[in-house]
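# Results of the structural survey
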Amino acid sequence: MDRPALRLLLLGDSLAFGTGAARPSDALGPRLTRALADDGFDVDLHVLAVPGAVSAGLTDQVRRALPLSADLAVVVVGANDLARFVPAEQAATALSAAVTTLRAAGTDVVVVPAPDMSMVPFVPPALRMLVRGACAVLQQRQAQVATSGGATVALVAAEVARAFAADPGLFSADRFHPSSAGYARIAELLAPAVLAAARTRRDDAAA
């Protein structure tokens, strides 16, 4: 008997949308879809992320998501909150509301906390420690509210930062968003958490 396709959502900002990728197929959603397909899943992907979105923007994205009755949502958010100096508590509260609403609707959630913005090339070296500290505060609060809301947290920011700091080719031409190679590395690091969530849902459905 054929299993129904796993309905996967990508919510959040430009990283979830795929800004900077040379081709749509190089973006994060399609790459995660291929990883799931390699694991035996049929995937129905919906990218609802909005470039430039802060965490407060998740409210509208979740509203659009609810009619889809998704199985799994990957939420990538926080970079724009940091860039626009949104207080960490305000950003975390918005994320918490999104996670709570999605979980109440029966959707499993993987939250990808904010990236470490200190590795962005145009951040002056003298400010990198300060930027890294601000990122860590938001990442910690995001992880706390996501876990409290029943989401899985993909703690990949440190590994992503190391990879991007070591290889400038992971940035696109704007030196801010990932390139296709950058999205490949991010997807590689995220895949274990996404696959684990998908497998758990599949196993629970089969039980």
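Residue positions are counted from 1 within each chain, in the order its sequence is given. A pLDDT threshold of at least 70 governs which residues receive local features in this predicted model, and a stricter bar of 80 or more applies before side-chain atom pairs are shown or counted, although totals over entire chains, interfaces and linings include all residues. Only hydrogens and water are set aside; all other atoms, that is, all heavy atoms of the structure, feed into the side-chain values.

### Details of the side chain of Asp-13
As for its position among the elements, Asp-13 is in the loop between β1 (6–12) and α1 (14–17). For the exposure calls, accessible area comes from a 1.4 Å probe over protein chains only, and a residue counts as buried if that area is under 20% of its type's maximum, exposed if over 50%, partly exposed in between. For the charge count, each Lys or Arg is scored as positive and each Asp or Glu as negative, with His and the chain ends excluded. For this document, the term salt bridge refers to a Lys or Arg side-chain nitrogen within 4 Å of an Asp or Glu carboxyl oxygen. Comment: no salt bridge for buried Asp-13; closest opposite-charge side chain is Arg-84, at 9.1 Å. Here Asp-13 is in contact with Ala-49, Val-50, Pro-51, Ala-53, Val-76, Val-77, Gly-78, Ala-79 and Asn-80, once residues within four sequence places are set aside. By the criteria applied, helices consist of DSSP H or I runs no shorter than four residues and strands consist of E runs no shorter than two, each listed in order from the N terminus. The contact definition used throughout considers only heavy atoms, calling two residues in contact when any of these lie within 4.5 Å.

### Brief notes about the pairing of strand β4 (residues 108–112)
Burial analysis of β4 places five of its five residues in the buried class, which makes it a mostly covered element. Neither face of β4 is left uncovered, since the one carrying Asp-108, Val-110 and Val-112 and the one carrying Val-109 and Val-111 both have all their residues buried. Bridge analysis of strand β3 (residues 72–76) against β4 gives five bridges, and the strand direction is parallel. Residue pairing in the sheet places Val-75 in a bridge with Val-111 of β4. Summarising the sheet, β4 and strand β5 (residues 152–153) pair through two bridges and their orientation is parallel. The pairing criterion is simple: DSSP has to find at least two bridges between the two strands.

### Side note on the pattern of salt bridges
In the structure shown here, the tally under the stated rule is twelve salt bridges. For the salt bridge of Asp-39 with Arg-202, the shortest nitrogen-to-oxygen distance reads 3.9 Å. You can see Asp-39 sitting in the loop between α2 (28–38) and β2 (43–47) and its partner Arg-202 sitting in helix α8 (residues 180–206), a full 163 residues away along the chain. Classification of Asp-39 as partly exposed rests on a relative accessible area of 27%. Looking at Arg-202, the relative accessible area reads 24%, which means it is partly exposed. The residue Asp-108 makes a salt bridge to Arg-103 at a minimum N-O spacing of 3.1 Å. It is possible to trace a salt-bridge network through shared partners that takes in Asp-71, Arg-103, Asp-108 and Arg-201.

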